[in-house]
Amino acid sequence: MVTSLAVGYAMAGALDVPAMIGMMIGGMMGLMSAFAVAENTWQRLTRAILWMPFPYAAVLWLAAELHDDRRLEIGLMVGALALTFFLARFGQMYLLTGMMLFNGLMVGMMANIPAGMSGKALLVALVSAAAVLGTRLLLCYPMPREDLLRTQRAFVVEARRVADAAVEALDPDADQERAVRRMTRALRRLNVTTVTIDGRLAQPEVAADPDMAELLHRHLFDAELALRGIGRAVQDLTGLAVDPHLREALVVGLVVARDTPLGSAQGLRPAAEIIRQQADATLNGSDAGSRRAEAVEPAYRVAQLLDSLAGSLSHWLALGWSSPQSPAKVPFQPTVALERDRPAGSAAATRRVLAAGTETSWRRVVPFVRAPLHAGVAAAIVCPITDAIDPQRFYWGLVGVMITLFGTNTTHERLRKFGHRMTGTVIGAVIGIALLHLVGHGHVYVMLTIIVAGITLGAWGMQRAYALWVVGLVVALVQLYGLTTPDAGMDHLLGERLLDNGLGILIATLCAALIFPLSGRRITREAERGYVSAVDDLVSQLALRWEDPDAPVRLRGAARALDSALFQVVSLVRPLVRMPLGVRGRDADNRTALLTTATGHARALAAAADIDIDLAPRQAERFTRITTVLTGSLRALDHALATGEPEESWQRVSPLVRELKAELDTAPSGPRAERIRTALRELAALDDSLAGYAERCGLTVRSASPQGIVSSPMERRTQALVAEWGTRRAPRSAAASERSATVTATAGPGTGTASPERVLPVPPPISATPSGGATLTVTVAGSIRCDRHPAGCTGWITVINGRGKRVAAGSVQSGRYRVDGLRPGPHTLIVSASAHAPHAELLSVPSAGGTGRIDHDMWL
């Protein structure tokens, strides 16, 4: 902004253009470069910034030519706003073009630039854009390695904030409730920062150094997990009577952790040893049986987690410092996991709902025309109203329409933005007028400093609250208005701006709610379905990890996807106004709390279960059954969220998990055994949390029994009758048994012809429907290969039954897949991969025989 304003002012003097016009043109180049151009290579940065002056200057000339035709001028503004939203669907450069067209028309109408000055305006814009580009390349050159180191420092800052909040919480004289709230905020900010960093780290499959990229993800995940564990342990300690010496040791250890230099993360280990020694002394002291001894276990946990944090943090920082100097090899490139460099919110779920309802006939055009229609109709309504209020500033209503529809997807989000806009405008007006009276009208450089400072502070605050950006913007605009508006008219001018902006926001919100509306409830349910799908992926990868230790699954990555999915749910269920406890509408908060708890258990499960194990055949079979039942429950929950009709039940596997854990507890102890026990404990807790959530979604919750997944007396009788019927049947010939287990597959390896039929033993376990009837289900697993990817392909697999309904889905990790719960009958397996066209094969699931599993390999 400093560069663009200074160059615009200098060019105005050199070309004999009014200083205000030169600064408006140059300032627009700086503003749009800062907010709309976020490229990560100098070539793309140059292309975007140097392109901005051309559409901008072209419409400046057009606005000057049409200045005498008021209706056409207003109609052109309405069309330009609608065009901007239409171009936004085609990429960043198209969006930038649309924004420059709209801004050029707005500035041309505001400043009343003559048509003969259009050439000079283009020159001012070009030189300003070139200067902005030079400034960005000089001071903010894209440097992936330095970006990685910068984000590592940001993580350490958030980690220190957590440690500082823990120190305050351990102060016996502190307000415990306030300290716990501060700890909760610190952990929330830590999670947002971690998810943001993780989203920008390259995925191993596309990184120049896959091993280094995977280690960066892994150590970042483990460091955050340790910090969250420390926070929870300290929160537990706030409710206990802690021995003074143990409290002092905890505070000393956490202060050491907080103040440890960035390059000395291993220095956390002495802090952990201090806490551990004092905990031993407290446990062995004379008053070990008192209530103070209750605090020893959380203290041991803090010490253990500090050790874990020291290892993870030091390795993570060391990987950053040792990363390659070449930008092309640094595993730190922006990914699509983020939206505007923040964790994704409601946009992804909105797109899925919109796509699901517009797949046929003329509705296919709805995703393209929906936002432009919202903008065009709202602008057409707002412009005559605001033009009647003040013809010179009617565009303020258009600004309200534009800022409402950009970045929002639901009515709640738009109304929340309305509140932020109104509040920020009032506060900014008060501060801006006070500064204007203090400085006066004759100190141009001081006013320019206030303008730049206001926009800078507003941009800094935008990531925290939209109202902070509005405050900074209005403070800057008041200084600009002060050049042409007397002090007596400033209150009226700002009140008019507030009214026009408010009208634009409210009318745009109304149009979005009436034209091709999307139910907020549907979007929320779709976000919750995304969360359930992420849990399903985690469970499937866990099953594959323990079944095949060589499978290159990423459990921590699957758990991080849960974080992203939780952000989307929270962004949608957050209420517009927080209501008191006990009134209607708290169910969403309770559901979100259950998902938050489930996410915490999923993180701990992913970290503990990522080990090579060798279970006995009987134990492995029980674990497979646990994951199969849990996957089936997740599919039932997904169906209930999709249709709103809970037709099936949630089968709780936590009793089975605890029985398996009790059986493994008799094994010799050791680090691996302890991690297995931790993984099973967290899996049981995850199931308990999700069972509570499923119950709030309307599903009947039942407990799975060790012999089967049935629990009611009727279901047990049904299972017994089916088993008795099976023993009384006449034995069949081997040929008949094989014929009943025939799997027919089409499209053989690399061809478009039918492959020979394969005969496989089919294993249909007996599961129970909600009504108590028995149903045969089968697990299908195998590999997906192609000539171009010998190590296996990556993608998604979808299973469609004979009626064309999707009955199962799962991810393909390094060529391995698994889908559960298929019932007898014909099915179609569809493989989708980024490197291949969709591929389908027919699979016939027989109705009798086997051990519950079909092995089905495919070639692309």
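Our focus in this paragraph is helix α7 (residues 118-139). Here α7 is 22 residues long and its end C-alpha atoms lie 31 Å apart, about the 32 Å a rise of 1.5 Å per residue gives. Buried within α7 are the following residues: S118, A121, V124, A125, S128, A129, V132, L133 and R136. The arc enclosing the buried residues of α7, seen along the axis, measures out at 165°, which places them on a common side. Turned more than 90 degrees off the buried face of α7, the exposed positions are G119 and L138.

Taken together, the side chains of L373, V377, I381, I385, I389 and L499 present a nonpolar region at the surface, about 430 Å² in accessible area. Sorting elements by how many residues they give to the nonpolar patch places helix α15 (residues 366-389) first, with 5 residues. Mapped onto the elements of the fold, I389 is located in helix α15.

Here we come to α15. Taking 1.5 Å of rise per residue, 24 residues should cover 34 Å, and α15 covers 34 Å from first to last C-alpha, within 8% of that figure. A maximum bend of about 25° is found in α15 at V382, where proline P384 lies one to four positions downstream.

All told, the structure shown has 36 salt bridges when counted by the stated rule. D390 is the salt-bridge partner of R393, the closest N and O atoms lying 3.2 Å from each other. D390 gets classed as buried once you look at its relative accessible area, which sits at 11%. The salt bridge involving R560 is made with D563; its shortest N-O contact spans 2.7 Å. Remark: D563 and R560 occur in helix α22 (residues 555-573); sequence separation between them is 3 residues, near one turn of the helix. Connected via shared salt-bridge partners are D164, E168, R178, R182, R258 and D259.

It is worth spelling out the packing of aromatic side chains at this point. How two aromatic rings sit relative to each other is set out by the distance from centre to centre and by the angle between their planes. In the structure shown here, the tally under the stated rule is 10 aromatic pairs. Aromatic side chains F85 and F406 sit 4.5 Å apart centroid to centroid with 25° between the ring planes, which places their arrangement in the stacked category. Of the two residues, F85 sits in helix α5 (residues 70-87) while F406 sits in the loop between α16 (395-405) and α17 (411-439), which places them 321 residues apart along the sequence. Since its relative accessible area comes to 5%, F85 is described here as buried. Three or more aromatic residues joined by ring pairs form one cluster here, namely F86, F90, Y94 and F368.

Time to look at the confidence of the model for the chain. For the chain, mean pLDDT is 79; residues scoring 70 or higher make up 83% of the total. The lowest-confidence element of the chain is strand β6 (residues 758-759), averaging 32 in pLDDT; the highest-confidence one is α7, averaging 92. Here residues 330-336 scores under 50 on pLDDT; set against residues more than four positions off or in separate chains, the count is 27 contacts. In the predicted structure, residues 707-775 sits below a pLDDT of 50 and forms 127 contacts with residues beyond four places in sequence or in another chain.

Attention shifts here to the nonpolar core. Ranked by internal contacts, the top residues of the largest apolar core, which has 65 residues, are Y531, W546, L637, W650 and L690. Secondary structure elements with two or more residues in this core: α10 (210-237), α14 (347-356), α21 (520-547), α22, α23 (587-609), α24 (617-643), α25 (654-664) and α26 (671-696). In this view, L690 contacts Y531, V535, L595, A598, L634 and W650; residues no more than four positions away in its chain are not counted. Among the nonpolar cores identified, the runner-up in size contains 56 residues, and M109, A378, C383 and A508 belong to it.

About the criteria used
Residues numbered from 1 in each chain as written. Predicted model: local features only at pLDDT ≥ 70, side-chain atom pairs only at ≥ 80, totals over all residues. Heavy atoms only, no water. Helix = DSSP H or I, 4+ residues; strand = E, 2+ residues; numbered from the N terminus. Expected span 1.5 Å × (residues − 1). Buried < 20%, exposed > 50% of the residue type's maximum accessible area, 1.4 Å probe, protein only. Arc of directions from axis to C-beta. Patch = residues over 30% accessible without salt bridge, like charges linked within 9 Å, V, L, I, M, F, W, Y side chains within 5 Å. Areas by Shrake-Rupley, 256 points an atom, 1.4 Å probe, with all protein chains shown as cover. Salt bridge = Lys/Arg side-chain N within 4 Å of Asp/Glu carboxyl O. Bend = angle between axes of the 7 residues up to and from the residue. Phe/Tyr/Trp six-rings, centres within 6.5 Å; stacked < 30°, edge-to-face > 60°. pLDDT = per-residue confidence, 0-100. Contact = heavy atoms within 4.5 Å. Core = buried A, V, L, I, M, F, W, Y, C linked by side-chain atoms within 4.5 Å.

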